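A closer look at the structure
For reference, the chains in residue letters:
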Amino acid sequence: MHPQAYRYSAQIVWNQLQHIAEVLDKNELPGWNTAGIGSDFDGTIKPLPGLWSAEALPLLATELVTLSSAYLKKNKLRMSENQK
Amino acid sequence: MENLSKIKSWEYRPLFVTFAHNFNNDLCGHASSLEKIKGFVDQTFNLNGSFSLLGEKVMHGLLDSARPVFIDVKHMSYASRLYYYSVVKADYGNRIPVVVSHGAVTGTSIRSDQKKTTTGFCNDDINFLMKNWSQLRNRKEFLLSRWMRTGWHHHPC
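Model, not experiment: these values are computed from the prediction. (Residues numbered from 1 in each chain as written. Chains lettered and ligands numbered in written order. Predicted model: local features only at pLDDT ≥ 70, side-chain atom pairs only at ≥ 80, totals over all residues. Heavy atoms only, no water.)

The helix and strand tally for chain A stands at two helices and one strand. Reading chain A from its N end, one meets helices and strands in the order α-β-α. Pairs at least 24 apart in sequence give 71% of the contacts found in chain A among residues at least 6 apart. (Helix = DSSP H or I, 4+ residues; strand = E, 2+ residues; numbered from the N terminus. Contact = heavy atoms within 4.5 Å.)

Quick look at the structure:
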């Protein structure tokens, strides 16, 4: 596995967070702090490359901060509470 | 139905119950799942079905109370989800939060969009379609996602 695989995986997670935030913002609902990230622990999960355990969460967090900061610099969501 | 009364009388009742899983449960239809072991199991009975009469009774039994037990829509078929949302709207004035205990969004808004390629999302119908508020009134799928938790196991197609 590529040592930077987690970066691509973080992008997949970010796609979710961004889409959810944008749809909620359009509907004048709080867009962030609504989705959680986790697993259902039933043994059939298919973790994303580079994000195989809780050990990878700090890496994921750092990457998500980078992606979200870049997004918020470029895009303005409608509700002020969603703009930061 | 007896079990339902038992649960509701517990001192610490569940916040929500999950209404469907990978196979028929006589309550409501489930969505296709178990990607990796599909060849070894048969999910067809009631796959993509909607609510049964028993399911309707159990649903109202959970919701129709001063202290409702919420219902988790994860694993419900698309038809079951649409029906559930219409009930939440029509019978409960949208005051019941829709719980998605784990799941992903598709990046599209209605099922006919599922042929559409959404780069970086997975369009399997077990995943959730979001819709804006005006369209939500047309009973298309939506998420009230204060209660939503995004897992990642269904994301990669």
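Moving on from the coordinates now.
With that settled, consider the overall build of chain B. For chain B, the count of helices and strands is four helices and three strands. Residues classed as buried in chain B amount to 49% of the 157 residues present. Partitioning the intrachain contacts of chain B with sequence separation of at least 6 by distance along the chain shows that 62% fall at a separation of at least 24. Entry remark: accessible area of chain B is about 7800 Å², with carbon and sulfur atoms responsible for 55%. (Buried < 20%, exposed > 50% of the residue type's maximum accessible area, 1.4 Å probe, protein only. Areas by Shrake-Rupley, 256 points an atom, 1.4 Å probe, with all protein chains shown as cover.)

A separate point is the nonpolar core. Grouped together as the largest cluster of nonpolar side chains are 26 residues, with contacts concentrated most on Phe-19, Met-59, Leu-62, Ile-71, Val-73, Met-76 and Tyr-84 of chain B. If you list the elements that add at least two residues to this core, you get α2 (53-63), β2 (70-72) and α3 (78-92) of chain B. Top contributing element to this core by residue count: α3 of chain B, with five residues. In this view, Ile-71 of chain B contacts Phe-16, Val-17, Phe-19, Met-59, Leu-62, Leu-63, Met-76, Tyr-84 and Val-99 of chain B; residues no more than four positions away in its chain are not counted. Membership of the second largest hydrophobic core comes to 15 residues, among which are Val-13, Trp-14, Leu-17 and Leu-60 of chain A. (Core = buried A, V, L, I, M, F, W, Y, C linked by side-chain atoms within 4.5 Å.)

Further remarks concern the side chain of Asn-15 of chain A. On the secondary structure map, Asn-15 of chain A appears in helix α1 (residues 5-26). Apart from the residues lying within four places of it in its own chain, the contact partners of Asn-15 of chain A are Thr-119, Gly-120 and Phe-121 of chain B.

This brings us to the pattern of salt bridges. All names here are of chain A. Per the stated rule, a full pass over the model turns up one salt bridge over all chains. Its salt-bridge partner being Arg-7, residue Glu-63 comes within 3.5 Å of it at the nearest N-O pair. Pair noted here: Glu-63 is in helix α2 (residues 57-74) and Arg-7 is in helix α1, with a separation of 56 residues, a long-range link. (Salt bridge = Lys/Arg side-chain N within 4 Å of Asp/Glu carboxyl O.)

With that settled, the discussion passes to the side chain of Asp-25 of chain A. All names here are of chain A. Counting through the fold element by element, Asp-25 comes out in helix α1. Despite being buried, Asp-25 has no salt bridge partner; Arg-78 is the closest side chain of opposite charge, sitting 4.9 Å away. Within the local environment of Asp-25, its side chain forms a polar contact with the backbone nitrogen of Arg-78, the two atoms lying 2.5 Å apart. Other than its neighbours up to four places away in sequence, Asp-25 contacts Leu-77, Arg-78, Met-79 and Asn-82. (Lys, Arg positive; Asp, Glu negative; His and termini not counted. Polar contact = N/O pair within 3.5 Å; in protein donor to acceptor, adjacent residues only side chain to side chain.)

What follows concerns the environment of Gln-4 of chain A. With respect to the helices, strands and loops of the structure, Gln-4 of chain A is situated in the segment before α1. Engagement of the side chain of Gln-4 of chain A in a polar contact is seen with the side chain of Arg-7 of chain A, the distance being 2.4 Å.

The next subject is the environment of Ala-61 of chain A. All names here are of chain A. Position of Ala-61 among the secondary structure elements: in helix α2. Among the residues examined, Ala-61 registers a relative accessible area of 38% and is labelled partly exposed. In sequence terms Ala-61 and Ala-10 are 51 residues apart; their C-alpha atoms lie 8.5 Å from each other.

Attention now moves to unusual backbone geometry. Generally, phi is negative for residues other than glycine and the peptide bonds are trans, each holding for most cases. Residues and elements named next belong to chain B. The phi dihedral of Asn-48 falls on the positive side, at around 65 degrees, and the residue is not glycine. Here Asn-48 shows up in the loop between β1 (16-18) and α2. Overall, the relative accessible area of 38% leaves Asn-48 in the partly exposed class. Positive phi, normally seen in glycine, also occurs at Asn-94, with a value near 60 degrees. Note that Asn-94 resides in the loop between α3 and α4 (133-136).

The next thing to look at is the environment of Asn-3 of chain B. On the secondary structure map, Asn-3 of chain B appears in helix α1 (residues 2-9). Spatially, the C-alpha atom of Asn-3 of chain B lies 9.9 Å from that of Val-58 of chain B, the residues being 55 residues apart in sequence.

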